[in-house]
Each structure stands twice: as C-alpha cells, then as structure tokens.
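Fold and geometry: a report
The primary structure of each chain is shown beneath.
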Amino acid sequence: FNTMSAAISRAKKAGADYVLFPAGALLGSYMLGAKGFESGLQGRWAACFRKFMKLNKDKKIIVGDSLEKQFVVVSLEHTYNLGKAAVVKEKYSKVAREAKRPVFYVAPVGTCNSGKNIYAMDGGSCIFDKTGKIVFRMPQFKAAEALVKVDAKGGIKVYDPEGKPAKSFKPY
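Quick caveat, the model's predicted, so the values are computed rather than measured.

V72, V74, V88, Y92, A96, V103, Y105, A107, C126 and F128 form the largest nonpolar core, which has 10 residues in total. For this core, the elements supplying multiple residues, two or more each, are β4 (72-74), α3 (84-99), β5 (103-105) and β8 (126-128). Here this core gets 3 residues from one element, more than from any other, and that element is α3.

Shown next as structure tokens:
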C-alpha cells in the first residue's frame, strides 16, 4: 500500500487526472478459500482497502479494468511467456480500433503464487492509440511509472515522472 500511496502522491503533484494500477495491485491475486487466506490477512486487506478509499475520494484511481469516456483500461494478470507480447498486441489493438479510443494495457510486475505454482509477472504495460498502434511500452521485469496525456482528439504524449519525454521499450 505504501508504494501505491507514494505513486498517487507523485501523480497528484504532477497534476494527473487519473492514476492507473494493475489488477491485484491493492489486494493481490489470492482467492477466497485459498491456502493462506486466514482471518488475519483478511483484516489487513480490509484496513488497506479503507485507506485506499480515503485516497480515492478526490482522485480518479483505477485498479484493474475500466471503460472511461476517453479511454479503456485493460489489466489482466498475464504471466510471462515468449509469445505474450504478440498476443497482447493483437488482442488490444483490436479493442482500441473497435472502441475508437486509446487502450491502456496495465500489467503487474513481480510474482504470483497460486499455492501450487509461482508465475513471473513481467509488466510490459503499453498504450495503444485509437487506431490500434502501440505508441508506448513500459519496461519488462521492472516497476516503472509514466505520465500520459491524452488530448480531446485521442493524441497521446508520454512523460517520465520528472516531466521529460519518456523512452519506450521493446518487448523481450
């Protein structure tokens, strides 16, 4: 929660209208009944969620998927595999073309423990313009932030947290 809170503070300082986080960023990707989901953990999650809701009163903070007037947010916990970048490009460029608005693919970085397997979450978040072209890609296997400006016509400009034009990365 502290990492998210700090990112929200930086976004507010930069004048962001929205703050986007991948699905599972707030509470993780555990399921009810899963091993390790004991009452103590439930209590900590509830406290975290209450803190988050206080932060979200004056800001549009999105965790997971969302369909907004100006854009679409897609955040699935795709695990890393060699063909992932091509699948993401094909699937979400189509969403952008059909929705006629930019799509933000917001992907988590780290690991996911299903209780049986541990999966690598590679990040690689990217932005598609309304024509379906990838106009920006975040690094893989590294937590990162970017400030994105979408104009009324759907034009997209991406900046690093210091306000300088951001560098786009190529997928592995």
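Glancing now at the pattern of salt bridges. The tally for this structure, following the rule as stated, stands at 3 salt bridges. Between K94 and E98 there is a salt bridge whose closest N-O contact spans 4.0 Å. Placement of both K94 and E98 in helix α3 is noted, with a separation of 4 residues, approximately one turn of the helix.

Structurally, the position occupied by D122 is in strand β7 (residues 118-122). D122 gets classed as buried once you look at its relative accessible area, which sits at 1%. Polar contacts involving the side chain of D122 include one to the side chain of Q140, which spans 2.5 Å. Those residues in contact with D122 that sit more than four places away from it in its chain are H78, Y80, K84, P108, V109, P139, Q140 and F141.

This part covers the packing of aromatic side chains. The description of two aromatic rings rests on the distance between their centres and on the angle between their planes. Applying the stated criterion across every chain, the model contains 4 aromatic pairs. Centre to centre, the rings of F71 and F104 are 5.1 Å apart; their planes meet at 80°, and the pair counts as edge-to-face. Pair noted here: F71 is in the loop between β3 (66-67) and β4 and F104 is in strand β5, with a separation of 33 residues, a long-range link. Residue classification places F71 among the buried residues on the basis of a relative accessible area of 5%. Grouping aromatic residues by their ring pairs yields a cluster made of Y18, F71 and F104.

Definitions and limits used
- For every chain, the first residue of the written sequence is number 1, and numbering continues from 1 along that sequence.
- Local features are withheld for residues below a pLDDT of 70 in this predicted model, meaning they are given only at 70 or higher, and side-chain atom pairs are given and counted only at 80 or more; totals for whole chains, interfaces and linings count all residues.
- To get the side-chain values, all heavy atoms of the structure are used, and hydrogens and water are removed first.
- Only buried residues count toward a nonpolar core. Its members are Ala, Val, Leu, Ile, Met, Phe, Trp, Tyr and Cys residues joined through side-chain atoms within 4.5 Å.
- Between buried and exposed lies partly exposed: a residue is buried under 20% and exposed over 50% of the maximum accessible area for its type, with that area taken using a 1.4 Å probe on protein chains only.
- Here a strand is any run of E in DSSP of at least two residues, a helix any run of H or I of at least four, and the numbering for each starts at the N terminus.
- Should a side-chain nitrogen of Lys or Arg be within 4 Å of a carboxyl oxygen of Asp or Glu, the pair is scored as a salt bridge.
- Polar contact is defined as a pair of N or O atoms within 3.5 Å, subject to the rule that within protein one atom must be able to donate a hydrogen and the other to accept it, and that residues adjacent in sequence are counted only when both atoms are side-chain atoms.
- It only takes one pair of heavy atoms within 4.5 Å for two residues to be counted as in contact.
- In this scheme Phe, Tyr and Trp rings, the latter by its six-membered ring, pair at centre separations within 6.5 Å, and the angle between planes marks the pair as stacked below 30 degrees, edge-to-face above 60, and tilted otherwise.

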